Structure formats: C-alpha cells, structure tokens
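Breakdown of the fold
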Amino acid sequence: MADLLTHVLVAYVLLTVAGWWVDWLDRRWVVVGMGGACIPDLQKVDILLDADAVSATLGIPFTYSVTSTLGGVLLLSGAITLLFERRWWRRVYSLLLVGGFGHVALDGLRVWADGSASQWLFPVLPSYRPPTPSLYVTSDPLVPVVAITVSLLVFAVDRRRNGNADATLSGHAEE
C-alpha cells in the first residue's frame, strides 16, 4: 500500500504547488488529480475478480494490465470523466491525466530485475519496454517516508499561504 500512498502524495504535491499559480486549482480539484494517480493501480482488481474469469464470461481475451499504461490511463480517465457534470469534463479529464501519467512515469523509474520497465508506453509502442534508471524499489520504506515528509512540508506551506483565505471562508476571520 505504500506504493499507492506514494503515488497519491506525489500528485498532491505537484498539483498543490501548481495551485499556487493557477487560480482555479484549489483543494477540491487537487483531490481529483489524486484520484487519477490511483488509476494505474486498478490492475490490482485482479486480486478480487480474476481476469481469466472475466475473459471466460465475456468470451474474449481480457487483462487488467493495460490500466497501468498510457492508453489505459487515457481510456479510464475518459470513462471516469463522464461521471462528472459536462461543464467540468475538460478540467476533470486533464487532472485525472496528470495524476495517472504521474503514476505511470514514477513507475517507469523504479527498479526492475531485467533493467527494463513495463510496457507503459502502450499503445504508442505496444511491445517496447524502455530501460529504467532504477532509482527506487517500491518496498523501500524510505520511499513513502520521503513522500510523506515532502507532502507535509507542502501542506504546511499551503496552509500558511492560504491561512487568511481559509479563515475568511469559515467565518472566523480576524478583524
């Protein structure tokens, strides 16, 4: 679970910092982008609902692994976007993509035994496995510790930057 936590916190940090310059990018929209960071991990649904069972039921080949690729993030972001009001579609879709692509890009940097990352470039380069710089191991406890520390720092700075605005909105502004 530390892996998913890390991806969500990276999206939080990136979007919160971007929100310091983009007026409409407030906390509610940051949460949408954080949700997008969960899209590639939807492949873990296979634990509950076996892909082979789905394939047998549908009568066609089926796999969850496509969710952790560029194409999977594009497709699932589009499907999720349809759950929102039409006026928000562009904003929601772009934020889901930021979160999802951030997750896929971060996964491309981790250690793989053979030195090549997964086929995350699907469908652009369907069978290509790019080399990975092997920057981190997902089981390393330092990874979530760094993510939590950086996100707490960003949280504190964001609170300080928006302190007066939050007090005004809640009706507790100092006069």
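This text follows the structure it describes.
The present account deals with the structure reproduced in this document. Because the structure is a prediction, the values reported are computed rather than measured.

**A word on the overall build of the protein**
Broken down by element type, the protein carries six helices and zero strands. Put simply, the protein runs from its N terminus to its C terminus through helices and strands in the order α-α-α-α-α-α. Overall, the protein is about 65 × 40 × 30 Å in size when its C-alpha atoms are taken along their principal axes. A buried classification covers 33% of the 175 residues belonging to the protein. Taking all contacts inside the protein whose residues are at least 6 apart in sequence as the whole, residues at least 24 apart take part in 61%. Positive and negative side-chain charges in the protein, numbering 12 and 15 respectively, have mean positions lying 8 Å apart.

**Observations concerning the packing of aromatic side chains**
One pass over the full model with this rule turns up three aromatic pairs. Pairing tryptophan 29 with tryptophan 88 gives two aromatic rings, centres 5.1 Å apart and planes at 55°, and the pair type is tilted. Of the two residues, tryptophan 29 sits in helix H2 (residues 27-36) while tryptophan 88 sits in the loop between helix H4 (70-81) and helix H5 (89-107), which places them 59 residues apart along the sequence. With a centroid separation of 5.0 Å and an interplanar angle of 85°, the aromatic rings of phenylalanine 62 and tyrosine 64 are classed as edge-to-face. For phenylalanine 62, a relative accessible area of 32% gives the class partly exposed. Residue tyrosine 64 is classed as buried on the basis of its relative accessible area, which comes to 11%. Geometry around tryptophan 29 places arginine 91 over its ring, the cationic atom sitting 5.2 Å from the centre.

Scoring rules and cut-offs
Residues numbered from 1 in each chain as written. Predicted model: local features only at pLDDT ≥ 70, side-chain atom pairs only at ≥ 80, totals over all residues. Heavy atoms only, no water. Helix = DSSP H or I, 4+ residues; strand = E, 2+ residues; numbered from the N terminus. Buried < 20%, exposed > 50% of the residue type's maximum accessible area, 1.4 Å probe, protein only. Contact = heavy atoms within 4.5 Å. Lys, Arg positive; Asp, Glu negative; His and termini not counted. Charge placed at Lys NZ, Arg CZ, Asp CG, Glu CD. Phe/Tyr/Trp six-rings, centres within 6.5 Å; stacked < 30°, edge-to-face > 60°. Lys NZ or Arg CZ within 6 Å of the ring centre and 35° of its normal.

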